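Here is what each chain is made of, one letter per residue.
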2 protein chains.
Amino acid sequence: MSNNVLIAQSGGPSAVINASLAGAIYEATKEDQIGTVYGGVHGIQGIIEKKIINITDQILEGDFEKNIELLKGTPAMALGSCRFKLSKEVDENYKTILNILRELKIKYFFYIGGNDSMDTANRLGEYFESQGESIIAIGIPKTIDNDLLMTDHTPGFASAAKFVANSILQVYLDAKVYPQKSVMIVEIMGRNAGWLAASSVLTRLSKSADGKPDLIYLPEKVFDDNEFLTDIKKILEKRNTVVVAVSEGIKNAEGKYIAETDRGGEDKFGHAKLGGAGKYLEQLITEGIDGIKTRAIELNILQRVGSSLTSKTDIEEAFEVGKKAVQFALAGESKVMVAIKRLSDSPYEVEYIKVPLKEIANFEKKIPAEMMASGSDVTEAMMNYLKPLIEGEQKRDYTEGLIDYYNFNLSKTI
Amino acid sequence: MSNNVLIAQSGGPSAVINASLAGAIYEATKEDQIGTVYGGVHGIQGIIEKKIINITDQILEGDFEKNIELLKGTPAMALGSCRFKLSKEVDENYKTILNILRELKIKYFFYIGGNDSMDTANRLGEYFESQGESIIAIGIPKTIDNDLLMTDHTPGFASAAKFVANSILQVYLDAKVYPQKSVMIVEIMGRNAGWLAASSVLTRLSKSADGKPDLIYLPEKVFDDNEFLTDIKKILEKRNTVVVAVSEGIKNAEGKYIAETDRGGEDKFGHAKLGGAGKYLEQLITEGIDGIKTRAIELNILQRVGSSLTSKTDIEEAFEVGKKAVQFALAGESKVMVAIKRLSDSPYEVEYIKVPLKEIANFEKKIPAEMMASGSDVTEAMMNYLKPLIEGEQKRDYTEGLIDYYNFNLSKTI
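Below is a short write-up of the structure. (Residues numbered from 1 in each chain as written. Chains lettered and ligands numbered in written order. Predicted model: local features only at pLDDT ≥ 70, side-chain atom pairs only at ≥ 80, totals over all residues. Heavy atoms only, no water.)

**Description of the environment of Lys142 of chain A**
All names here are of chain A. Applicable threshold: The helix and strand labels rest on DSSP assignments: H or I over at least four residues marks a helix, E over at least two residues marks a strand, and numbering proceeds from the N terminus. Note on exposure labels: buried denotes an accessible area under 20% of the residue type's maximum, exposed denotes more than 50%, and partly exposed covers the range between, all computed with a 1.4 Å probe on protein chains only. By definition in these notes, contact holds between two residues if any of their heavy atoms fall within 4.5 Å.
Positionally, Lys142 belongs in the loop between strand 5 (136–141) and helix 7 (157–175). Looking at Lys142, the relative accessible area reads 5%, which means it is buried. It is 11 Å that separates the C-alpha atoms of Lys142 and Asp314, two residues lying 172 residues apart in sequence. Residues contacting Lys142, with those up to four places away along its chain left out, are Ser10, Gly11, Gly12, Ser14, Ile17, Ile112, Gly113, Gly114 and Pro155.

**Focus on the packing of helix 1 (residues 17–30) of chain A against helix 4 (residues 64–72) of chain A**
All names here are of chain A. Let me state the cut-off plainly: What counts as an axis is a line fitted to C-alpha atoms, over the stretch in contact for a helix, and the angles between N-to-C directions run from 0 to 180 degrees. Under this scheme an angle from 65 to 115 degrees is roughly perpendicular, one under 35 degrees roughly parallel, and one over 145 degrees roughly antiparallel; angles in between are oblique. Under the scheme applied, nonpolar residues are Ala, Val, Leu, Ile, Met, Phe, Trp, Tyr, Cys and Pro; charged residues are Asp, Glu, Lys and Arg; polar residues are all the others, including Gly.
One way to put it is that helix 1 packs onto helix 4 with a least axis distance of 7 Å and a crossing angle of 155 degrees. By the criterion of interaxial angle, the relationship of helix 1 to helix 4 is roughly antiparallel. The residues of helix 4 that touch helix 1, namely those facing Asn18, Ala19, Leu21, Ala22, Ile25, Tyr26 and Thr29, are Phe64, Glu65, Ile68, Leu71 and Lys72. Grouping the constituent residues of the contact of helix 1 with helix 4 by class yields 8 nonpolar, 2 polar and 2 charged.

**Focus: the nonpolar core**
Rules: We call a set of buried residues a nonpolar core when its members are Ala, Val, Leu, Ile, Met, Phe, Trp, Tyr or Cys and they connect through side-chain atoms within 4.5 Å of each other.
Membership of the largest hydrophobic core comes to 188 residues, with the highest contact counts inside it found for Phe110 and Phe408 of chain A together with Phe110 and Phe408 of chain B. Each residue touching Phe110 of chain A, except ones within four places of it in the same chain, is listed here: Val5, Leu6, Ile7, Ala8, Ile138, Ile140, Ala325, Val326 and Ala329 of chain A.

**Considering the relation of the copies chain B and chain A**
We apply this condition: For this overlay, a least-squares fit was computed on C-alpha atoms, restricted to residues scoring pLDDT of at least 70 in both copies.
Here chain B sits on chain A after a turn of 180 degrees about the axis and a move of 0.0 Å along it, with an RMSD of 0.0 Å. Here the copies are linked by what is in effect a two-fold axis. Both copies contact each other with a shared surface, as 98% of the interface residues of chain B are interface residues in chain A too.

**Quick notes on the packing of helix 1 (residues 17–30) of chain B against helix 12 (residues 312–330) of chain B**
All names here are of chain B. We count it as follows: Each crossing is labelled by how the near helix is turned from the far one, with a counterclockwise turn of less than a right angle marking it left-handed and a clockwise turn marking it right-handed.
Interhelical geometry of helix 1 versus helix 12 gives an angle of 40 degrees and a closest axis separation of 7 Å. As judged from the angle between their axes, helix 1 and helix 12 are oblique. In this structure, helix 1 crosses over helix 12, and the sense of that crossing is right-handed. Residues Ala19, Ser20, Ala22, Gly23, Ala24, Tyr26, Glu27 and Ala28 of helix 1 form the contact with helix 12, whose participating residues are Ile315, Ala318, Phe319, Gly322, Lys323, Val326 and Gln327.

**Regarding the sheet that holds strand 9 (residues 293–298) of chain B**
Residue and element names in this part refer to chain B. Put simply, the rule reads: Strand pairing requires that DSSP identify at least two bridges connecting the strands.
Ordered in space as 7-8-6-9, the 4 strands form an open sheet in which the pairing is parallel. The outermost strands of the open sheet, each flanked by one partner alone, are strand 7 (215–217) and strand 9. Averaged over all neighbouring strand pairs, the angle between strand axes comes to 15 degrees, with direction disregarded. Here strand 7 pairs with strand 8 (residues 241–247) via 3 bridges, running parallel. Within the sheet, the bridge partner assigned to Tyr217 lies in strand 8 and is Val246. Its contacts with the sheet put helix 7 (residues 157–175) on strand 6 (182–188), strand 8 and strand 9, and the angle it makes with strand 6 is roughly 160 degrees.

**A word on the interface of chain B and chain A**
Note on interface size: it is often stated as the accessible area lost on association of the parts. Which entries qualify depends on this criterion: Two parts lose some accessible area (1.4 Å probe) when they are put together, and adding that loss for both gives the buried area. For salt bridges, the criterion is a side-chain nitrogen of Lys or Arg within 4 Å of an Asp or Glu carboxyl oxygen.
Each partner contributes to the interface: chain B provides 63 residues, whereas chain A provides 63 residues. On the chain B side of the interface with chain A, the three residues burying the most area are Gln170, Glu400 and Leu402 of chain B, jointly 14% of the side's total. If you look at where chain B meets chain A, you find 4 salt bridges. Here Arg304 of chain B makes a salt bridge to Asp174 of chain A, at a shortest N to O gap of 2.6 Å. Sorting the residues of the side of chain B that touches chain A by element identifies helix 7, strand 9, helix 11 (302–305) and strand 15 (402–403) of chain B as the ones contributing at least two each. At 10 residues, the largest contribution of residues to the side of chain B that touches chain A is made by helix 7 of chain B. For the side of chain B that touches chain A, a count of residues per class yields 30 nonpolar, 20 polar and 13 charged.

**Regarding helix 6 (residues 115–130) of chain A**
All names here are of chain A. To be explicit about the condition: One fewer than the residue count of a helix, multiplied by 1.5 Å, yields its expected span.
If you check helix 6, its first and last C-alpha atoms are 22 Å apart, about what 16 residues at 1.5 Å a residue would give, namely 22 Å. Counted residue by residue, helix 6 has 12 buried out of 16 residues, so it is predominantly covered. Within helix 6, the full set of buried residues consists of Asn115, Ser117, Met118, Asp119, Thr120, Ala121, Asn122, Arg123, Leu124, Gly125, Tyr127 and Phe128. Elements in contact with the buried residues of helix 6: helix 2 (43–48), helix 5 (92–103), strand 4 (106–113), strand 5 and strand 10 (336–345). At the exit of helix 6 stands Gly132, carrying a positive phi of roughly 70 degrees.

**Quick notes on unusual backbone geometry**
A negative phi angle characterises most non-glycine residues, just as the trans form characterises most peptide bonds. Here the amide bond leading from Ser346 of chain A into Pro347 of chain A is cis, since omega sits at 0 degrees, within 30 degrees of zero. Secondary-structure assignment places Pro347 of chain A in the loop between strand 10 and strand 11 (348–356). With an omega of 0 degrees, the peptide bond running from Lys212 of chain B to Pro213 of chain B counts as cis. The residue Pro213 of chain B is located in the loop between helix 8 (195–198) and strand 7 in this model. The backbone of His42 of chain B sits at a positive phi, close to 65 degrees, despite the residue not being glycine. Position of His42 of chain B among the secondary structure elements: in the loop between strand 2 (37–40) and helix 2 (43–48).

Shape descriptors only; they carry no functional weight alone.
Here's what the structure looks like:
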């Protein structure tokens, strides 16, 4: 059989990137037209170094269906990742990759990742064509940032959004126990696009949330120190506990990241001024408003791999996107990415389509104006967009109190 | 009916403190000898200000069993909390409290909290006696720090431990995706006792953990900068990804908290030196070992209220402890705390006993020597102690992707 598959993962981790991997493996393994499924270890960087495993052999060991199910719920990249970018000009790396693909009789190449990875998939697809090769290159989207064009949303985003929304609710329940006035600032990932910070609005769906968060700051809007303090003071007049959701990527009027603003010296308590958007806001309050207990926390990397709080909708879509990639490949499509097209909010319905990789690679989708409210909030349109994405919970198996995950043996290279 | 109950909560939040509240409410509501259950809002501080709600009325609204079940799974204090301490000498506050209790015909007073709260319960119990009152005061233990004497462990600890163990596993899965060598430092709560940091060892129960964390630093042992760097270098020779679990409360040879050590100035990259034990360790590596990607993260307050990853064992025990408090009270016991006595590790079996409050109040239980290994690790004895505590998962209900919680109406005071 010569119709083999090579699949690899790239970029930053998400809670469902392995669900897409599982979907592609599942579909390819079922498909008679396909031979062996190989996995590149650490993305194209590993492929260039010929670090490749035989996925078919490993996944068929033991119970196939159970392995697929476990892999679906395993966060981060089961095949490892890289931040390696191909040069714009064809170089030795292109040739090395093609030689390895020829050697392994690869007919279908799948690359799971964000916009950099879509660029890689596109370049390789173009290169294969230019060499007269019929090898197909398909991109499978993944990013918690939700910043890919031409897809309604990206797998990985919804689970991160669900983690953020539930975490902010828990943080609020924690913060409100004391009678003293306090401000909790929650810093959320997203350097240039505020989708994940905006998803903090989902907390309001809970009747325990009392409408929190009170304020939502996005990188798409200019952040102003004085407006922030005015807003906080106004809310503190009416409420005991203020919850602020802030993107790590907010910028000031000069377009500079707040987190990188050099404020210098020490605060009025003699503490060194700390980095991070959340810490910056905390210090604004500490210096600008008397006697308010203020604390900034980062949700940090658990928001992308917090697999105890994933969205079933997200996991199933990620799986489906992986399966569709194989179907598009078998239909002869190349240099495309599988995208999600929303047909309806309620009932929530989507279909999977193919979009040209070159229209996605290296672009970033920002939040459109109609989804942002005046002041520091988002609109009902944003809520309607986000709401269906976090529906449903993935059943988890535990062993001795720890969530079960699937592991490939990455050192067993071919 | 004059045998009424007053219950209140105090100290820092945990994921299961409301399970103990639910247990006490459940038992008291079922019990014919007991009249109304009242709740003090924000602990004794609220009681002094007569901020008291009628729990019986509120919990019987709608479906009693379902309300109890939801309350069991709600993190932080449903009645609010305080950090208020009674003075050692009897003062106006004692008298105010007694007058309010008399007015409400309270026969049983329950206080849920850590060692400060046990001190409060004890002082009130002694004061009631000195005034010839037959009001019973009982303490219900709660602390994620697990630092109360005379109880095998404290409700709240196991769920925090389970959150820590699963989070470190997820952090490791995230960290190991890149081929570059890296160190992840996870800072864990526990100012003086290292129980929660020690529970990071539970991560090793997962076959996906590859034995992580590599190093565990506890406040019970002196932390030495050079030993730390030597340990890290040794592990980096053999492994790509190093995971360090560190208690926020580690101290140097002078007994000073590392987190408060003034290192002054800037690091070699011109960044201000940051606070926190994790950040301190991160900077030690950045300055002491070349070219190693290092990142410190705090699990922050989600480790105490992260209700998506609680231990069913913990929740059920917390509930039982609340029920037992009512049973001990009806048996006429006063100035006691409900404690958990372990009968066996495997099969795990416990019984609930009463212990004198005065032997618990204001003491802290540290990790005994036999549970700490030489170097930076814990022993098999610690693992055997911890293992049964995180068993079992609490079923959760969700509405629109958010975990369901129970709320009292705290403004509906009597």
